[in-house]
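# Fold and contact review
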Amino acid sequence: MSALLTGTPLTGRVAVVSGASSGIGAATATRLAELGAKVAVLARRKDNLDALAESINRTGGTAIAVPVDVTDREAVQAAARQVADQLGTADLVFNNAGVQLISPIADLRQDDWQRQIDLNVTGVMNVIGAFLPQLTAAAEAGKSADLITTSSIAATRILEKFSVYSGTKAYISHLTRLLRVELGRKNIRVATIEPGMVDTELPDHVTDPDASKLMADLIDQIDVLQSADIAETVAFMASVPRHVNLTEITILPTAQAI
Ligand SMILES: NC(=O)c1ccc[n+]([C@@H]2O[C@H](COP(=O)([O-])OP(=O)(O)OC[C@H]3O[C@@H](n4cnc5c(N)ncnc54)[C@H](OP(=O)(O)O)[C@@H]3O)[C@@H](O)[C@H]2O)c1
């Protein structure tokens, strides 16, 4: 998607993007900065974060690299303090880090199950726990405040062997609906984006040959989504007027059947 938003509608916003060292997170951090937000980029690969922050700063934006493993609750709390100190109160949190590991349940790959639960559930909750006070303060100060999490179409589709990944994404989608009840009243917008196939590093971690083939075939055969498509959509969700909450956005390649 070429850039659809114009101007700098996010001027004055302080954004945090987790999973920003590649794929959807990196593209979204870049786009939020282009649209005027100051951006903190979080993930584990420090070199990628440094390069991203440097590229944003070189092109007139403001970014800081905050290397952190989001499964470590204390480390995420420290990251939140660093963001507040260096950029100001965060008012846009894109809670995006995630991992997809596909296998038949009978293979009992419990380490893979745990990795997905640790990152896609616990990591997501650690980010919410660390940044909710800042989102609350921003909303109380009359600013737009956004908590946007990356779910997946796997949250609702029945995809064989995707059980644990799909379970973690279903958790995120339903969590979004529940959090809206409590946080919407406080003028914090809560949203989730549920993408179909996006061309990123995500499938590189998949070891199951059938699942790898399914994703590789999709990338070969159809015009799949690019990270920039998700970035533009997230930026739009954060740019609408404060009283408008786009809560659940499903975004698919036009030619993807499931
Ligand atoms: N690609 C798709 O088709 C698709 C479809 C639907 C949903 N999604 C979701 O989109 C999100 C982004 O994925 P992507 O497609 O952009 O894939 P990706 O390029 O693999 O991005 C995953 C990001 O998560 C970060 N991450 C992994 N473990 C982490 C940890 N412990 N602490 C902090 N950061 C961690 C990775 O950085 P480090 O390794 O440097 O930590 C990386 O930046 C995920 O939640 C994924 O489930 C993707």
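Residues numbered from 1 in each chain as written. Predicted model: local features only at pLDDT ≥ 70, side-chain atom pairs only at ≥ 80, totals over all residues.

### Here we look at the overall build of the chain
Condition: Secondary structure counts use DSSP, requiring at least four H or I residues in a row for a helix and at least two E residues in a row for a strand, with both numbered from the N terminus. Computation of the radius of gyration draws on C-alpha atoms alone. For the globule rule, the value is 2.2 Å times the number of residues to the power 0.38. Here, residue contact means that the backbone-derived C-beta atoms of the two residues sit within 7 Å.
From N to C terminus, the chain includes seven helices and seven strands. Counting from the amino terminus, helix and strand elements in the chain follow one another as β-α-β-α-β-α-β-α-β-α-β-α-α-β. By the compact-globule yardstick of 18 Å for 258 residues, the chain fits well, its C-alpha radius of gyration being 17 Å. The principal-axis extents of the C-alpha atoms in the chain amount to approximately 50 × 35 × 35 Å. Pairs at least 24 residues apart make up 71% of the contacts formed inside the chain by residues separated by at least 6 positions.

### Quick look at helix α1 (residues 23–34)
Defined as follows: Expected helix span is given by 1.5 Å per residue-to-residue step, counting one fewer step than there are residues. With C-beta atoms placed from the backbone, the exposure class of a residue follows from how many other C-beta atoms lie within 10 Å of its own: 20 or more, buried; 12 or fewer, exposed; in between, partly exposed.
Helix length check: α1 (twelve residues) gives 17 Å between terminal C-alpha atoms against 16 Å at 1.5 Å per residue, within 8%. In terms of burial, α1 is largely enclosed, as eleven of its twelve residues are buried. Looking one or two places after α1, you find glycine 36, whose phi comes out positive at around 115°.

### Thoughts on the site of the ligand
As a reminder, the rule being used: Each residue receives a C-beta atom built from its backbone; the residue is near a molecule or strand if that atom lies within 6 Å of it. Polarity classes work like this: nonpolar for Ala, Val, Leu, Ile, Met, Phe, Trp, Tyr, Cys and Pro, charged for Asp, Glu, Lys and Arg, and polar for all others, with Gly in that last group.
The immediate surroundings of the ligand are formed by 29 residues, with Gly19, Gly23, Arg44, Arg45 and Gly98 found nearest. Going through the elements one at a time, α1 and α4 (110–140) are the ones with two or more residues in the shell around the ligand. Element by element, the count of residues in the shell around the ligand is highest for α1, at three residues. Of the residues in the shell around the ligand, the class split is eleven nonpolar, 14 polar and four charged.

### Quick look at the packing of helix α3 (residues 73–87) against α4
Quick reminder of the rule: Only the contacting stretch of a helix is used when fitting its axis, a line to C-alpha atoms as for every element, and angles between N-to-C directions run 0 to 180 degrees. Roughly parallel covers angles under 35 degrees, roughly antiparallel covers those over 145, roughly perpendicular covers 65 to 115, and oblique covers all other angles. The sense of a crossing depends on the near helix, which, turned anticlockwise from the far helix by less than a right angle, makes the crossing left-handed and, turned clockwise, makes it right-handed.
Axis separation between α3 and α4 bottoms out at 8 Å; the angle between their running directions is 30°. One finds that α3 runs roughly parallel with respect to α4. As α3 runs across α4, the sense of the crossing is right-handed. In this structure, α3 uses Arg73, Val76, Gln77, Ala79, Ala80 and Ala84 to contact α4, whose residues at the interface are Asn126, Val127, Ala130, Phe131 and Gln134.

### Examining the sheet that holds strand β6 (residues 189–195)
Quick note on the threshold: When DSSP finds two or more bridges between a pair of strands, those strands are recorded as paired.
With parallel pairing, seven strands are arranged side by side in an open sheet as β3-β2-β1-β4-β5-β6-β7. Looking at the sheet topology across the chains shown, the edges are occupied by β3 (62–67) and β7 (248–251). Each strand of the sheet is rotated relative to its neighbour by a mean of 15°, with strand direction disregarded. The pairing of strand β1 (residues 14–18) with strand β4 (residues 92–95) spans three bridges and is parallel. From the neighbouring strand, valine 17 faces β4, where its bridge partner is phenylalanine 94. Packing against the sheet, α3 makes contact with β1, β2 (38–43) and β3, and its axis sits at approximately 160° to β3. Across the sheet, α4 is in contact with β1, β4 and β5 (146–150); its angle to β4 comes to roughly 175°.

### A look at the pairing of β4
Side-chain direction in a regular strand flips from residue to residue, so the side chains alternate between the two faces of the sheet. To keep things clear, this is the line we draw: Orienting the strands away from the viewer, one traces the path from the first strand over the helix to the second; a clockwise path indicates a right-handed crossover.
Neither face of β4 is exposed, since Leu92 and Phe94 on one face and Val93 and Asn95 on the opposite face are all buried. One ladder, built from four bridges, connects β4 with β5; its direction is parallel. From the neighbouring strand, valine 93 faces β5, where its bridge partner is leucine 147. In terms of handedness, the path from β4 via α4 over to β5 forms a crossover that is right-handed.

### Some points on the UniProt feature "domain: Ketoreductase" (unreviewed entry) in the chain
The cut-off we apply is this: UniProt positions are given in the numbering used here, feature names are shortened, and annotations may be inferred rather than shown by experiment.
What UniProt calls "domain: Ketoreductase" (unreviewed entry) maps, in this numbering, to residues 13–161. Within residues 13–161, the helical portion is 48% and the strand portion 17%, while the C-alpha atoms at the span's ends are 40 Å from each other.

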